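Listed here are the chains, written in short residue letters.
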Amino acid sequence: MLVILSILIAGPLAWYCMHSWLQHYAYHADIAWWIFAAAALGAMLITLATVSYQAVKTALLNPVKSLRSE
């Protein structure tokens, strides 16, 4: 949920900053929507991979070793 919230905040803010920055040039390119969609998808995939890795790593731990250290 935090990643989705950050995408919703950072997406329009990044578009506005890039749009206003590019307006100062005589020849500028338009910002495509798919660039922001690809960045959002990349952030979601990295988040999913990280959380999945940590969940699998925790699930495979021996609970006796964890309880012994506490």
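All of these numbers come straight from a predicted model, not from anything done at the bench.

Rules of the game
Residues numbered from 1 in each chain as written. Predicted model: local features only at pLDDT ≥ 70, side-chain atom pairs only at ≥ 80, totals over all residues. Heavy atoms only, no water. Helix = DSSP H or I, 4+ residues; strand = E, 2+ residues; numbered from the N terminus. Rg over C-alpha atoms; globule rule 2.2 N^0.38 Å. Buried < 20%, exposed > 50% of the residue type's maximum accessible area, 1.4 Å probe, protein only. Areas by Shrake-Rupley, 256 points an atom, 1.4 Å probe, with all protein chains shown as cover. Phe/Tyr/Trp six-rings, centres within 6.5 Å; stacked < 30°, edge-to-face > 60°. Patch = residues over 30% accessible without salt bridge, like charges linked within 9 Å, V, L, I, M, F, W, Y side chains within 5 Å. Salt bridge = Lys/Arg side-chain N within 4 Å of Asp/Glu carboxyl O. Axes fitted to C-alpha atoms, helices over the stretch in contact; angles between N-to-C directions. Parallel < 35°, antiparallel > 145°, perpendicular 65-115°, else oblique. Left-handed = near helix turned anticlockwise from the far one by under 90°. Contact = heavy atoms within 4.5 Å. Nonpolar A, V, L, I, M, F, W, Y, C, P; charged D, E, K, R; others polar.

## Comments concerning the overall build of the protein chain
Consideration 1: Counting its regular elements, the protein chain contains three helices and zero strands.
Consideration 2: For the protein chain, the α and β elements follow one another from N to C terminus as α-α-α.
Consideration 3: Here the protein chain has a C-alpha radius of gyration of 20 Å; the compact-globule value for 70 residues is 11 Å, and the former is much larger.
Consideration 4: With respect to the principal axes defined by its C-alpha atoms, the protein chain has extents near 65 × 20 × 15 Å.
Consideration 5: Split into buried and exposed, the 70 residues of the protein chain put 3% on the buried side.
Consideration 6: Looking at the protein chain as shown, the accessible area adds up to about 6,300 Å², and 74% of this sits on carbon and sulfur atoms.

## Considerations on the packing of aromatic side chains
Consideration 1: Evaluated as defined, the whole model comprises one aromatic pair.
Consideration 2: Both rings, one in Trp21 and one in Tyr25, keep their centres 5.8 Å apart while their planes meet at 90°; by these two values the pair is edge-to-face.
Consideration 3: With relative accessibility at 45%, the residue Trp21 sits in the partly exposed group.

## Quick word on a nonpolar patch on the surface
Consideration 1: Nonpolar side chains collect at one region of the surface, where Met1, Ile4, Leu8 and Met44 lie side by side and expose about 450 Å² of accessible area between them.
Consideration 2: By the secondary structure assignment, Ile4 is in helix H1 (residues 2-22).
Consideration 3: On the basis of relative accessibility, which here comes to 38%, the residue Ile4 falls in the partly exposed class.

## A short note on the packing of H1 against helix H2 (residues 33-59)
Consideration 1: It is the contact of H1 with H2, at a shortest axis distance of 11 Å, that shows an interaxial angle of 155°. Classified by the angle their axes make, H1 and H2 are roughly antiparallel. The two elements H1 and H2 cross, and the hand of that crossing is right-handed. In this structure, H1 uses Val3, Ile4, Ile7, Gly11, Ala14 and Trp15 to contact H2, whose residues at the interface are Phe36, Ala40, Ala43, Met44 and Thr47.
Consideration 2: Across the contact of H1 with H2, the residue classes tally to nine nonpolar, two polar and no charged.

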